[in-house]
Amino acid sequence: MIEYKEFAQIELNVNGEKRKLIVRPADTLLRVLREKLGLTGGKPGCENGDCGACTVLVNGKPIKSCIALAVEVTGQEITTIEGLSNTEIQDAFIEEGGFQCGYCTPGFLVNAYALLNEHPDADEELSKEWLQSNLCRCTGYEGIEKSIKSAQEKIKNR
Amino acid sequence: MIPFDFQYYRPDTIEEATMTFKDLDAKKLSPIYYGGGTEIITQARKQVLSTGAVIDIKNISECKMHEESDGLLIFGAALTLTEIIEKNLFPFFSKVCRPIADHTVRNKLTLGGNICGKLPYREAILPLLVVDSKVVLAGPEGIREVPITKAFDKRLLLKKGEFFVQIKVPKDVVSLPYFNRRREKHTSVDYPIINIAAVKSESKFKMAFSGVSALPFRSQEVEDFINKKELPPEERVSNAINKLPLPIKRDQWASSEYRKALLEKSMNEMIADLEGVSL
């Protein structure tokens, strides 16, 4: 049985690197990534599991890191927005104007990356179902939808 | 940030989990069982919930069971809703789970968390309530298997120190005709104003409701009225609604009158759909 009582030394596998750190068992993954590992790409928005600005991948599945404990994901592969540099989805968001203020963008990118990885032929309905997990208050979503379609084409034409 | 500390335990067996609960309870740590943690974390952050220790059940193999065995479909309490939807052993169950929360929350939210949480909707229980499923519960006194109709009355009836391990559904219910109608106020990612889940078995309707009243329910009396086929559908629906076991609620999403109107419409649609009659 794994048990963490007070401050706990844990090892997280983040973006392919093993990182040792000391956390409180009550620390959320979002806070640990930002404040202990300096990975500030994922943003604290609502911290209530609603807005999706903090989305990360755990074993390839997008989850909201504000509703996960860091101690819960030891031994699992965590990917943050920092782990997605030089990917088609990142280029597409820049080219298609998929953001304005940019606060929600890391969450959208991570979620869209997972979508296209798991469903390269995702249709509009599936894209909408996945992307309903993220809120944007600037773009009206049109640029985001265009970015995802563009990334989908780029991936197919690799 | 969660503004208080708690201990974290991840047992590997049912016995380890229940013994850990007993031990932590004796130490006055007010332990709680932890599945996906989505509700526990948000409520802890808001200080609506407090605990000195959480017991994460995700490493217990029985809680992650997801298979067909000996004519039964077995769903572990620690399965995420996404896992249930994607494996799709029971399409009616998948359909009801699909609109709960949103996709990335469903990647974390567990069956046990949805059914045993404080939020009053508990929608994942609806299809399980209308088929002859059995719930496996474990506590300091051992493991027991209880018919869902006895184990669930608006909430899962757990004894102190017990947790929900898994639910077993007879495989043959997969072929029953089913109906599900969920209505939200604004967007599909929202709590339901009403959610009806029904099956037709041996020419009779079995129905469960969420969102309509303060808590989810299944009512034999309501079903008796709906199944009086000698009456016209509108009268069956009207009589059934008059016999709901809990008052129709009103809140910021809908008035009780609006909920009632949606309920009438949806129940008429259910009859039309499952009896093959036109409205």
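All figures in this text were calculated on a predicted structure; none of them were measured in a lab.

Novice: Tell me about the overall build of chain A, residues and numbers included.
Specialist: From N to C terminus, chain A includes five helices and six strands. Reading chain A from its N terminus to its C terminus gives the helix and strand order β-β-β-α-β-β-β-α-α-α-α. Relative to its length of 158 residues, chain A is compact, with a C-alpha radius of gyration of 16 Å against a globular reference of 15 Å. Taking the principal axes of its C-alpha atoms as reference, chain A extends roughly 45 × 30 × 25 Å. Taken across its 158 residues, chain A has 47% of its residues classed as buried.

Novice: Break down the domain arrangement of chain B for me, citing the residues and quoting the values.
Specialist: Residue and element names in this part refer to chain B. What the domain assignment lists for chain B is domain 1 (7-56), domain 2 (61-170) and domain 3 (178-275). If you average the C-alpha positions of domain 1 and of domain 2, the two centres end up 19 Å apart. In this complex, domain 1 contributes twelve residues to the contact, which on the side of domain 2 involves 20 residues. Tallying contributions element by element places helix 1 (residues 14-26) first for the side of domain 1 that touches domain 2, with six residues. Residues of the side of domain 1 that touches domain 2, tallied by class, amount to four nonpolar, five polar and three charged.

Novice: So what's going on with the pairing of strand 3 (residues 53-56) of chain B? Residues and values would help.
Specialist: Residue and element names in this part refer to chain B. The side-chain alternation of strand 3 yields two buried faces, one formed by Ala-53 and Ile-55 and the other by Val-54 and Asp-56. With three bridges connecting them, strand 1 (residues 7-10) and strand 3 associate as parallel partners. Residue pairing for strand 3: Tyr-8 is matched across the bridge by Val-54. With three bridges connecting them, strand 2 (residues 32-34) and strand 3 associate as parallel partners. Along strand 3, the bridge assignment pairs Tyr-33 with Ile-55. After leaving strand 2, the chain enters helix 2 (residues 38-45) and then returns to the sheet as strand 3, a path that is right-handed.

Novice: If you had to explain unusual backbone geometry to someone new, which residues and values would you point to?
Specialist: For A:Asn86, which is not glycine, the phi torsion reads 60° and is therefore positive. Mapping A:Asn86 onto the fold places it in the loop between strand 6 (77-79) and helix 2 (88-95). With phi around 70°, B:Ser203 is a residue other than glycine that occupies positive phi space. Tracing the backbone shows B:Ser203 in the loop between strand 10 (194-201) and strand 11 (204-210).

Novice: Break down the nonpolar core for me, with residues and values.
Specialist: Counting residues in hydrophobic clusters, the biggest one holds 129 residues, and the most contacted among them are A:Ala112, B:Ile57 and B:Ala198. Per-element tally for this core: the top contributor is helix 3 (residues 105-118) of chain A, with eight residues.

Novice: Any details on the sheet that holds strand 1 (residues 2-4) of chain A? Residues and values, ideally.
Specialist: Ordered in space as 1(A)-1(B)-3(B)-2(B), the four strands form an open sheet in which the pairing is mixed. In this open sheet, the two edge strands, each paired with only one partner strand, are strand 1 of chain A together with strand 2 of chain B. On average, each strand axis in the sheet is inclined to that of its neighbour by 20°, with strand direction left out of account.

Novice: So, the domain arrangement of chain A: which residues are in play, and what are the values?
Specialist: Each assigned domain of chain A is listed here: domain 1 (8-47 + 65-77) and domain 2 (86-156). Taking only C-alpha atoms into account, the centre of domain 1 of chain A sits 24 Å from that of domain 2 of chain A.

Novice: Could you give an account of the sheet that holds strand 3 (residues 17-23) of chain A, naming the residues involved and the relevant values?
Specialist: All names here are of chain A. In space, the five strands of this open sheet follow the order 3-2-6-4-5, with mixed pairing throughout. Of all the strands in the sheet, the pair left with one neighbour each is strand 3 and strand 5 (61-64). Strand-to-strand twist in this sheet, taken as the mean axis angle between neighbours without regard to direction, amounts to 40°. One ladder, built from two bridges, connects strand 4 (residues 55-58) with strand 6; its direction is antiparallel. Across the sheet, residue Leu-57 finds its bridge partner in strand 6, namely Thr-79. The strands touched by helix 3 within the sheet are strand 4 and strand 5, with strand 4 carrying the most contacts at an inclination of about 35°.

The rules behind the values
- Residues numbered from 1 in each chain as written.
- Chains lettered and ligands numbered in written order.
- Predicted model: local features only at pLDDT ≥ 70, side-chain atom pairs only at ≥ 80, totals over all residues.
- Helix = DSSP H or I, 4+ residues; strand = E, 2+ residues; numbered from the N terminus.
- Rg over C-alpha atoms; globule rule 2.2 N^0.38 Å.
- Buried ≥ 20, exposed ≤ 12 C-beta atoms within 10 Å, placed from the backbone.
- Domains from an automatic or database assignment.
- Contact = placed C-beta atoms within 7 Å.
- Nonpolar A, V, L, I, M, F, W, Y, C, P; charged D, E, K, R; others polar.
- Pairing = 2+ DSSP bridges.
- Right-handed = clockwise from strand over helix to strand, strands pointing away.
- Core = buried A, V, L, I, M, F, W, Y, C linked by C-beta atoms within 7 Å.
- Axes fitted to C-alpha atoms, helices over the stretch in contact; angles between N-to-C directions.

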